[in-house]
Amino acid sequence: MNVIIDGQSFEFEPGDLLLQFCLDRGIEIPHFCYHPALSVPANCRQCLVQAGLPARDRATGDLVRDENGKPVVNYFPKPQTSCSLELSDGMVVHTQYDSEEVAAMQADNLELMLINHPLDCPICDQAGECPLQIQAYKYGPEGSRFEFEKVHKPKRVQLGPNVVLDAERCINCTRCTRFTTEVSKSHQLSIIGRGDTNYPMTAPGQVFDDPYSMNVCDICPVGALTEDYFRFKARVWEMSSTPSVSDFGGKGINVDYWVRDNHILRIIPRENLSVNEYWMPDAARLVYERYNENRPQGPTLAGNASDWEAAYDEVANILKAANGKVVFLGSAYATVEDNYLLMKLAEAVGADAPQYISRIQVGSGDNWLISDDPAPNTQGCERLGMNPLDPVLLKAKLAGGEIDVLYVLEEDPIAAGVLSADDLLGIKVILHHYHTTNETLAHADVALPAAMCVETIGTYVNETGRAQRLRPAKMIRSMNRSLMMEAGVGQSRTDRHGTPFDRWYNEDHQIDCQPGWEVLPAIAERLGAPMSYKSPAAIMAEVAEANPAFSGATHKAMDLLGVALQDIGEPV
Amino acid sequence: MADAPSLITGETKAGDWRNYERVLLPPVKDLHKIDVYEENGGYSALKAIVEDGKFDPKGLTDEVKASGLRGRGGAGFATGLKWSFMPAVDPEKPRYLCCNGDESEPGTFKDRQIFEYNPHLMIEGIVLSCYAMTIKTCYLYIRGEYIDYVNHVQTAVDEAYASGYIGQKILGTDFSTEIVVHCGAGAYICGEETSLMESLEGERAYPRIKPPFPAQSGCWGMPTTINNVETLACVPLIVNRGAAWFAGIGPEKHPGPVLYGISGHVNKPGVYEFPTGMLITDLIEVAGGVRGGKNIKAIIPGGSSTPPLTWEMAREATMDAETLREAGSSMGTAGLCILDEDTDMVAFTRRIAHFYHHESCGQCTPCRDGTGWVEKLLSRIENGEGYTRDLELLLEICDQMEGRTVCALADAAAWPVRWGIRRFRDEFEARCKAESFVSSEMGDGASTETESITI
Ligand SMILES: Cc1cc2nc3c(=O)[nH]c(=O)nc-3n(C[C@H](O)[C@H](O)[C@H](O)COP(=O)(O)O)c2cc1C
Ligand code: SF4
Ligand code: SF4
Ligand code: FES
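About the cut-offs
- Residues numbered from 1 in each chain as written.
- Chains lettered and ligands numbered in written order.
- Predicted model: local features only at pLDDT ≥ 70, side-chain atom pairs only at ≥ 80, totals over all residues.
- Heavy atoms only, no water.
- Helix = DSSP H or I, 4+ residues; strand = E, 2+ residues; numbered from the N terminus.
- Rg over C-alpha atoms; globule rule 2.2 N^0.38 Å.
- Buried < 20%, exposed > 50% of the residue type's maximum accessible area, 1.4 Å probe, protein only.
- Contact = heavy atoms within 4.5 Å.
- Areas by Shrake-Rupley, 256 points an atom, 1.4 Å probe, with all protein chains shown as cover.
- Lys, Arg positive; Asp, Glu negative; His and termini not counted.
- Charge placed at Lys NZ, Arg CZ, Asp CG, Glu CD.
- Near = heavy atom within 4 Å.
- Nonpolar A, V, L, I, M, F, W, Y, C, P; charged D, E, K, R; others polar.
- Buried area = accessible area lost by both parts, 1.4 Å probe.
- Salt bridge = Lys/Arg side-chain N within 4 Å of Asp/Glu carboxyl O.
- Polar contact = N/O pair within 3.5 Å; in protein donor to acceptor, adjacent residues only side chain to side chain.
- Domains from an automatic or database assignment.
- Pairing = 2+ DSSP bridges.
- Axes fitted to C-alpha atoms, helices over the stretch in contact; angles between N-to-C directions.
- Right-handed = clockwise from strand over helix to strand, strands pointing away.
- Expected span 1.5 Å × (residues − 1).
- Phe/Tyr/Trp six-rings, centres within 6.5 Å; stacked < 30°, edge-to-face > 60°.
- Lys NZ or Arg CZ within 6 Å of the ring centre and 35° of its normal.
- Parallel < 35°, antiparallel > 145°, perpendicular 65-115°, else oblique.
- Left-handed = near helix turned anticlockwise from the far one by under 90°.

S.K.: A description of the overall build of chain B should follow, citing residues and the corresponding values.
M.R.: Tallying secondary structure elements over chain B gives 19 helices and nine strands in all. Over its C-alpha trace chain B gives a radius of gyration of 23 Å, about what one expects of a compact globule, namely 23 Å for 455 residues. The principal-axis extents of the C-alpha atoms in chain B amount to approximately 85 × 50 × 45 Å. Out of the 455 residues belonging to chain B, those deemed buried represent 60%.

Okay, here's the thing in C-alpha cells:
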C-alpha cells in the first residue's frame, strides 16, 4: 500500500499514522502534543497538513483520472492533524514543504500559540532545546499582531519535591497529564481551569510526588515544567551531553549525561525501547552529585598522598609478597572489562577467582525502572563466572590467617556490611574507590581512585541480560588515548558541540583517578604477567569471543542501544 | 445552490400553522405526572412495540428514517441514519444511548420545557430508541444548572420504573433497559457529544477527535448513539401516528414539529411549538411582535452560534435547514433571537464572543487563544479604542480558528464574529478609529497600544 507525500511515493503498513511515518523518514512536521508513548489527543493543532484520497468510480471501484491521466484526488474539506491521521492506500498528502497553504496554517497556529506565551526565553531553562522556540523560528510567523496584555497564570509553583511549574509558559499540550494517567499511572496531574486560563495542577492539597515525576519535564515541549534540582544551573548551550548508561540499579537505564565544567549537572533518559523507553525514575537523576562530590584526588599509600607509579609498585610488591594468599573482590559496579582483567590478575598471582558482593533485595524494586538490584552490573559478574561473596566464609578465612591481602575493585565491603574494621586487622588492603567517603578507605594500604561510570569506557549487563556500553561524559586528569578517542576530544570541540563556551578543560574539576583497565594491566606488568590491550574495546572483543555468555557483545555492536545476550538462566 | 430554485419565497412551508395541534408540549394540565400522561395516550407507543410487536428494532429504525426526523441538538443530522451506524450487536459489548440535555447555548432553552411539562414523552422516546438499537442503558445527561429539572425528571423516571416502563423485563416482556439521570458538570462544552461522554466517564470534558465516531467507540469505548432531548421526544409520536404523518409536517427535507425558543426584543418571548418551515415573520407575530413596535435590525435564527441575518436577509426566510442555509445562516437549535433597530451589534457580538471565550475547553490552540484574542479586539472596538484594521484582523483570526479544531466550538465562536462584521460592517467601522499608527515618535510601525504596553 502506498501513500504520496509531497509528490513522493512511500510504502506503509496498515495502522501507520502520518506524523510518525513522516518523522521516521526524516520528514519533519511541526508538532507539540504528539508523543509516541502517549495517546493521541490532537489538541495542539500544529501538525496540520492537507490530505485527500483518490476518487474512485462508485460502480467499478476504478480510479477516476483527469484528461492527463492523473488520478483525481478528493481532498478532505478541512486540514488534517497528521498525528492522528491513519494512512490509507493511495492517500495524497501535502505538508508545509510543498503547500504554501499548509505552511501558512502552521504559522497561523504558532501565532495563536504564542500570543499568551510569555516569550521569556532569555531566562527560561528550556531555551536552546525548546520545541516551541525551535519550531516558532522555523515555522512561525515573522512577528505578532497581538497587542494586549497576556493572560497571567501562576508562576514558580512547586508541584512536588522535584518539579516546578510556570503555568504561563504552558501550551496545554497535556503531555504531562497524559504521562501521569497513562504511563506512571499516579494520576497526580490534571488540567484545571478552562480556555486560556488552563494549566496542569495536582488535586487540592496533593503533592506531585510521583517517583517518576521529572519525566514530565523531559516531555514538556516548553519551559513550563522544570526539574527543581536543575533550575537556573546552566544554559543548554554551555553544556555537552553524552549518551551512556546509568549506574542506578540493574535496569541499565539509557541516559544522556549533561556536563559543564567537568561537572555532571543533569541526567535525562535516552530513548531505548528495549530498556527504559523514554523514561527514568527521579531517584536515578538525583544521583548526579555523586559523580562530582567527595571524589579522591590521586592515589594514597597508607593514607599519604603518592603518585600512580609508586602506587603500582607498592601493589605489585604486596601481591608478590602474599604468595597467592590474596582474596580478590570484583564489583557489580565495575564494568565487565575491569572485572575480567581482575580475574586475570587473580589467576596470575595464583589466587582464587574473584567474587562480588551481591546487593539484590527481592521486592525492593517497583517492577518498573527501579530494580531489586541497586548495582548496575550484577549480570556482568555472573556471566563472567564470578560468584556472589559469602561473607561468613570470607570472615573465617581472614580470621584464620589464610589470607594476607584483600584486593577490592570499586567496592566498599565495610559499608556493604560484609566486613567490619576488625576483620581487616593485620590484612593488607588494596582498594579501588570512587569516593573519599568509602568506609573501607581508612584501612587501605594502597588506595587507587577509580573512574566512575561517567568517566570510563566499558560494558554493563543489565538484569535482563542486555550488554550496554558506557561512554565517558567528563574528563579525568590523566585522559589517555582511548578516553580521548571515545570522548571525541580528538575533534574540535566546536565541531562536536557547536559552542566554544564549554570549559571542558577546567582542571579543577578533573578527578585524578584511573579506570580499572588502565590500572590492572600496569600492576600485572610489574608481576611479569603482561596484559596488553589496545583499548577496552579490545578487552570486550576478547570476552565476547571466548565466553558464550557474552557472544556478540562487542563495543561496535553494542553501540548506542546495546546487545541482548543469550539467556544463561536465573542468576544464582 | 445556483441551479436550485430559491427556497426563500416569503411563503410559509409550515402549512396550516394557525390551526396547528401541539404534540410535543400539548396543552394538558399536569402532563408531567405519569397517570395524566397515560390518560392522554402515554406509553401506548411503547406498548405497541414491546407488547404487540408493531416494529422490530430494524423496522423501528426504518420508520424513523422514513419520518425524515433530523436532530434537534444543533447539527440537524438525520436521526434514523445515525441509528443505523450502530454496529451489529455483540453480546460481549455493552451499547449506550446518551440523551443530550446539556442545553447551554445562549438563545436555546427548549429542552427544559420538555423536562418540565412532558418528561414522559422523552422517557418513552428513550426507551423506544433503546429498543431500536438494542441498547440496555441510556444516560440522560442534564445540564448541572438545571438542578430543579434534574430532580423533576428523576421523579418522572422513578415513576416510569415503578410502572414497569423502564428497567428489567419492561411490561413483562424480554426487553430491558435502564435510564440513569446524570447531572452535568457545568460547562457548555459538556453538550458536545464526545465531551459529554468524557464527562460521563468522570474525566475532564475535553472533546475527543473523530474518528473513531461514537457508534464505533463512544462511552467507555463502546458503541454509543447520542441524541438531543427533543429529537428523542419525537420518537413516540412517529410510532403512534406513523412516519408519513411526521414527514407531512413542514417542508419535505426538514419535517416535523419543532420547539422554537424565541428571545430578544419581542413582546412575548418564550418557547412555541409549530411545524418546521415557519416564516420568521410569522414567528415574530406569534411572539407578540417587536417590543415598542420598533424595526428589526437582525435575527439570530438558531442559537448564538448561528450567523446573524440582517432583517433584509431574514424577512422572507423560513425556519428549515435548507432555506436558512440559502439565506446565509443555519437552523441550529431553532432558538431565535430578535434584535431591534436600537441594538448595538458591536456590543452584541462582543457579548457572544465573551461567552465562547469563557466556554472554550482550552484544548485546541486556535480555540483557546483565538477566542480570547477575538474578545479583546471586540472589547476595544466597543470601547471606541479599536482601529479599522482590527476588523480585518478579526476576520483573519476567524479564518485561523474555523475548521482547524477538535470540535465545532471554535467554528461556533467564529461564525457570529465573521458574519456580524460582514453583515453589519458599517456599525463596526463607525466605532473604530481610522488612524492606527503613531507616525512621528515611534516610527517603527507600533500602535499606541503597543507603546503603552511595552513602556
Ligand atoms: C460546543 C457544542 C455544544 C453542544 N451543546 C449541545 C447541547 O447542549 N445539547 C445538544 O443536544 N446538543 C449539543 N451539541 C450538539 C451535539 O454535539 C450533538 O450533535 C447532538 O447532541 C446530537 O443530537 P441530535 O442528532 O439529536 O441533534 C453541541 C455541540 C457543540 C459543538
Ligand atoms: S505543562 Fe508542559 S507538558 Fe504539561 S500541558 Fe503544559 S506544555 Fe504540555
Ligand atoms: S474547539 Fe475549543 S471547545 Fe472544542 S475541543 Fe477545541 S478547544 Fe475545546
Ligand atoms: S501534534 Fe498533531 S495536533 Fe498536536
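S.K.: Break down the overall build of chain A for me, with residues and values.
M.R.: Within chain A one finds 15 helices and 25 strands. Relative to its full complement of 572 residues, chain A shows a buried share of 56%. Taking the contacts inside chain A whose residues are at least 6 apart along the sequence as the reference set, 67% of them involve residues at least 24 apart. About 23500 Å² of surface is accessible on chain A, with carbon and sulfur atoms providing 50% of the total. Of the side chains in chain A, 48 bear a positive and 78 a negative charge, and the two mean positions are spaced by 3 Å.

S.K.: An account of the site of ligand 2 is needed here, citing residue identities and associated values.
M.R.: For ligand 2, the set of nearby residues contains 13 residues, the closest of which are A:Cys170, A:Cys173, A:Thr174, A:Cys176 and A:Cys220. Per-class residue counts for the shell around ligand 2 are ten nonpolar, two polar and one charged.

S.K.: Outline the interface of chain A and chain B, listing residues and values.
M.R.: Every contact between the two is made by 34 residues of chain A and, on the other side, 36 residues of chain B. Interface area, chain A with chain B, both sides summed: about 2900 Å², of which 51% is carbon and sulfur. Linking chain A with chain B are five salt bridges, by the criterion used here. In this structure, A:Arg194 and B:Glu359 form a salt bridge, with 2.7 Å as the shortest nitrogen-oxygen distance. Here chain A and chain B share 24 residue pairs in polar contact (both at pLDDT 80 or more) between them. Among the elements that line the side of chain A that touches chain B, the one with the most residues is helix H2 (residues 100-115) of chain A, at seven residues. Per-class residue counts for the side of chain A that touches chain B are 16 nonpolar, nine polar and nine charged.

S.K.: Which residues make up the domain arrangement of chain A, and what values do they have?
M.R.: Residues and elements named next belong to chain A. Domain boundaries in chain A define domain 1 (2-113), domain 2 (115-230) and domain 3 (300-564). Centre-to-centre separation of domain 1 and domain 2, based on C-alpha positions: 29 Å. Contacts between domain 1 and domain 2 engage 21 residues on the former and 24 residues on the latter. Both sides together, the interface formed by domain 1 and domain 2 hides about 1800 Å², and carbon and sulfur atoms give 55% of it. Of all residues in domain 1, the largest losses of buried area upon contact with domain 2 belong to Phe32, Leu38 and Glu111, amounting jointly to 36% of the total for that side. One salt bridge connects Arg145 with Glu111, and the closest N-O pair in it is separated by 2.7 Å. At the boundary of domain 1 with domain 2, the tally comes to 13 residue pairs in polar contact (both at pLDDT 80 or more). Tallied by class, residues from the side of domain 1 that touches domain 2 come to 13 nonpolar, six polar and two charged.

S.K.: Quick rundown of the sheet that holds strand E3 (residues 178-183) of chain B? Include the residues and the values.
M.R.: All names here are of chain B. Within the open sheet, the four strands sit side by side as E3-E2-E1-E4. Their pairing is parallel. On the outer flanks of this sheet lie E3 and strand E4 (224-228), each paired with one strand and no other. The average undirected angle you get between the axes of adjacent strands in this sheet is 20°. Inspection of the sheet shows strand E1 (residues 96-101) paired to strand E2 (residues 137-142) by six bridges, in the parallel sense. Note that in E2 the partner of Cys98 across the bridge is Tyr139. Along the sheet face, helix H9 (residues 229-241) touches E1 and E4 and points at about 90° away from the line of E4.

S.K.: Quick one: what's the story with the pairing of strand E23 (residues 458-461) of chain A, residue by residue and with numbers?
M.R.: Residues and elements named next belong to chain A. Burial of the side chains of E23 extends over both faces: Gly458 and Tyr460 are buried on one face and Thr459 and Val461 on the other. Sheet analysis places E23 next to strand E24 (residues 466-470), joined by four bridges and oriented antiparallel. Bridging across to E24, Val461 finds its partner in Ala467.

S.K.: Help me get a handle on the domain arrangement of chain B, residues and values and all.
M.R.: Quite often, the size of an interface is put as the accessible area lost when its parts meet. Residue and element names in this part refer to chain B. By the assigned domains, chain B splits into domain 1 (31-247), domain 2 (259-340) and domain 3 (347-431). For domain 1 and domain 3, the distance between their C-alpha centroids amounts to 34 Å. Counting every contact that joins domain 1 to domain 3 gives zero salt bridges. Classifying every residue of the side of domain 1 that touches domain 3 gives eight nonpolar, one polar and four charged.

S.K.: Could you give me a rundown of the pattern of salt bridges, with the residues and numbers involved?
M.R.: Residue and element names in this part refer to chain A. Scanning the model with the defined rule gives 54 salt bridges over all chains in all. Between Lys155 and Glu168 there is a salt bridge; the shortest N-O distance is 2.9 Å. Of this pair, Lys155 sits in the loop between helix H3 (131-139) and strand E7 (157-158) while Glu168 sits in the loop between strand E8 (163-165) and helix H4 (175-183), placing them 13 residues apart in sequence. As a salt-bridge pair, Lys251 and Glu463 come within 2.8 Å of each other at their nearest N and O atoms. Here Lys251, found in the loop between strand E12 (240-245) and strand E13 (254-260), pairs with Glu463, found in the loop between E23 and E24; they are 212 residues apart in sequence, far enough to count as distant.

S.K.: Which residues make up the pairing of E2(B), and what values do they have?
M.R.: Residue and element names in this part refer to chain B. Extensive coverage of E2 is indicated by the burial of six of its six residues. The two faces of E2 match: Thr137, Tyr139 and Tyr141 on one face and Cys138, Leu140 and Ile142 on the other face are all buried. The pairing of E2 with E3 spans six bridges and is classified as parallel. Looking across to E3, one finds that Tyr139 is bridged to Val180. Remark: the E2/helix H7 (residues 147-162)/E3 crossover connection has right-handed handedness.

S.K.: Describe the site of ligand 3, with residues and values.
M.R.: As a structural note, the neighbourhood of ligand 3 is formed by 13 residues, with B:Cys361, B:Gln363, B:Cys364, B:Cys367 and B:Cys407 the closest of them. Split by residue class, the shell around ligand 3 holds nine nonpolar, four polar and no charged.

S.K.: With reference to specific residues and values, describe helix H8 (residues 336-348) of chain A.
M.R.: Residue and element names in this part refer to chain A. The end-to-end C-alpha separation of H8 is 18 Å, in line with the 18 Å expected for 13 residues at 1.5 Å each. Of all 13 residues in H8, ten are buried, a share of seventy percent or more. The set of residues buried in H8 consists of Val336, Glu337, Asp338, Asn339, Tyr340, Leu341, Leu342, Met343, Leu345 and Ala346. In the stretch just after H8, Gly350 is the one whose phi turns positive, near 75°.

S.K.: Residues and numbers for the packing of aromatic side chains, please.
M.R.: A ring pair, where both rings are aromatic, is described by two values, the distance of the centres and the angle of the planes. Summed over all chains, the structure comprises 27 aromatic pairs over all chains. A centroid spacing of 5.8 Å and a plane angle of 50° characterise the contact between B:Tyr96 and B:Tyr139, whose relative ring orientation is tilted. Here B:Tyr96, found in strand E1, pairs with B:Tyr139, found in strand E2; they are 43 residues apart in sequence, far enough to count as distant. For the pair B:Tyr96 and B:Tyr139, a shared accessibility class is recorded, and that class is buried. Look at B:Tyr146 and B:Tyr149: their rings are 5.1 Å apart centre to centre, the planes differ by 80°, and that puts the pair in the edge-to-face class. Site record: aromatic cluster; members linked through ring pairs are A:Phe146, A:Phe148 and B:Trp373. It is A:Arg25 that lies over the ring of A:Phe21; its NZ or CZ is 3.7 Å from the centre.

S.K.: Tell me about the environment of B:Ala430, and please be specific about residues and values.
M.R.: All names here are of chain B. As for its position among the elements, Ala430 is in helix H18 (residues 425-431). Of the residues examined, Ala430 reaches a relative accessible area of 66% and is grouped as exposed. In sequence terms Ala430 and Gly144 are 286 residues apart; their C-alpha atoms lie 41 Å from each other.

S.K.: Just give me the short version of the packing of helix H15 (residues 365-382) of chain B against helix H16 (residues 388-401) of chain B, but keep the residues and values in it.
M.R.: Residues and elements named next belong to chain B. Axis separation between H15 and H16 bottoms out at 10 Å; the angle between their running directions is 160°. Taken together, the axes of H15 and H16 lie roughly antiparallel to each other. The crossing of H15 and H16 is left-handed. Counted together, Pro366, Gly370, Thr371, Trp373, Val374, Leu377, Leu378, Arg380 and Ile381 of H15 and Arg389, Asp390, Leu391, Leu393, Leu394, Ile397, Gln400 and Met401 of H16 form the full contact between these two elements. Residues of the contact of H15 with H16, tallied by class, amount to eleven nonpolar, three polar and three charged.

S.K.: Tell me about the sheet that holds strand E11 (residues 225-227) of chain A, and name the residues and values.
M.R.: Residues and elements named next belong to chain A. Here we have three strands laid out as an open sheet, ordered E7-E8-E11, and antiparallel in their pairing. Of all strands in the sheet, those bounded by a partner on one side alone are E7 and E11. In this structure, E8 lies alongside E11, joined through three bridges in antiparallel fashion. When the sheet's bridge partners are listed, Val164 is paired in E11 with Thr226.

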